[in-house]
Amino acid sequence: GERVSTNAAHITQTMATNHILVVDISPSMAPYLPAVRQSIQNAISGATSGDVISVYVFWHDIKTVVENVQIDRVDRSALIQQIESSVVRTEGCTDVARMLEFSREKMLASEGLYPFHRKMLMIFSDNQHAPYPCGGGRKLSASEESNLEVKAGSVRRMGGWSKYVI
């Protein structure tokens, strides 16, 4: 009969990954966008069979660039071009609280869609909170800071996710 590997390292290496990338495109991110585009290109180029990719951009609003794209079913270079064209210009303000809520919602939804995938959340942001109507990078009040910490904590506590804030 067929032999089944019980080597955990082998299983982990062959598991597909669900990549959720959330990119801040507020004006303060302008100097970082070339590096962000390169990181996204690397993530797509390094994706393996079965991997799923979702990319969202945020400012005071959130836009879906691509969602739940199965890497095996697309032309990677066309996918990279589509994503890079959405991460070129900056606009608006930064609502970090809204982005954290959105990220958590997407993480929860994807767990239902891809329960057996490894899970990776990457947030590209300089974390300069300037909510609409453009607070100019103002210092947060104590209650706003506390609210952000609660939301960030809820994202950090999502078990089974590799999380990176870049």
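Scroll up a little and you will see the structure.
**Quick look at the overall build of the protein chain**
Check the secondary structure of the protein chain and you find 5 helices and 5 strands. Start at the N end of the protein chain and walk to the C end: the helices and strands fall as α-β-α-β-β-α-α-β-α-β. Counting all 166 residues of the protein chain, 41% fall into the buried class. In the protein chain, the proportion of contacts linking residues at least 24 apart, taken out of those at least 6 apart, comes to 75%. With an accessible surface of roughly 9,100 Å², the protein chain has 51% of that area assigned to carbon and sulfur atoms.

**Re the side chain of S103**
Topologically, S103 is positioned in helix α4 (residues 96-113). We classify S103 as buried; its relative accessible area is 0%. In this structure, S103 is in contact with V22, L121 and I123, ignoring residues within four places of it in sequence.

**Considerations on the packing of helix α2 (residues 33-45) against helix α3 (residues 76-86)**
In the contact formed by α2 and α3, the axes pass within 10 Å of each other and the chain directions differ by 155°. By the angle class used here, α2 and α3 are roughly antiparallel. The crossing of α2 and α3 is right-handed. In contact with R37, I40, Q41, I44 and S45 of α2, α3 contributes R76, L79, I80, I83 and E84.

**Digging into the pattern of salt bridges**
Per the stated rule, a full pass over the model turns up 2 salt bridges. Note that R98 is salt-bridged to D61, the shortest N-O span being 3.6 Å. Here R98, found in helix α4, pairs with D61, found in the loop between β2 (52-58) and β3 (62-70); they are 37 residues apart in sequence, far enough to count as distant.

What counts and how
- Residues numbered from 1 in each chain as written.
- Predicted model: local features only at pLDDT ≥ 70, side-chain atom pairs only at ≥ 80, totals over all residues.
- Heavy atoms only, no water.
- Helix = DSSP H or I, 4+ residues; strand = E, 2+ residues; numbered from the N terminus.
- Buried < 20%, exposed > 50% of the residue type's maximum accessible area, 1.4 Å probe, protein only.
- Contact = heavy atoms within 4.5 Å.
- Areas by Shrake-Rupley, 256 points an atom, 1.4 Å probe, with all protein chains shown as cover.
- Axes fitted to C-alpha atoms, helices over the stretch in contact; angles between N-to-C directions.
- Parallel < 35°, antiparallel > 145°, perpendicular 65-115°, else oblique.
- Left-handed = near helix turned anticlockwise from the far one by under 90°.
- Salt bridge = Lys/Arg side-chain N within 4 Å of Asp/Glu carboxyl O.

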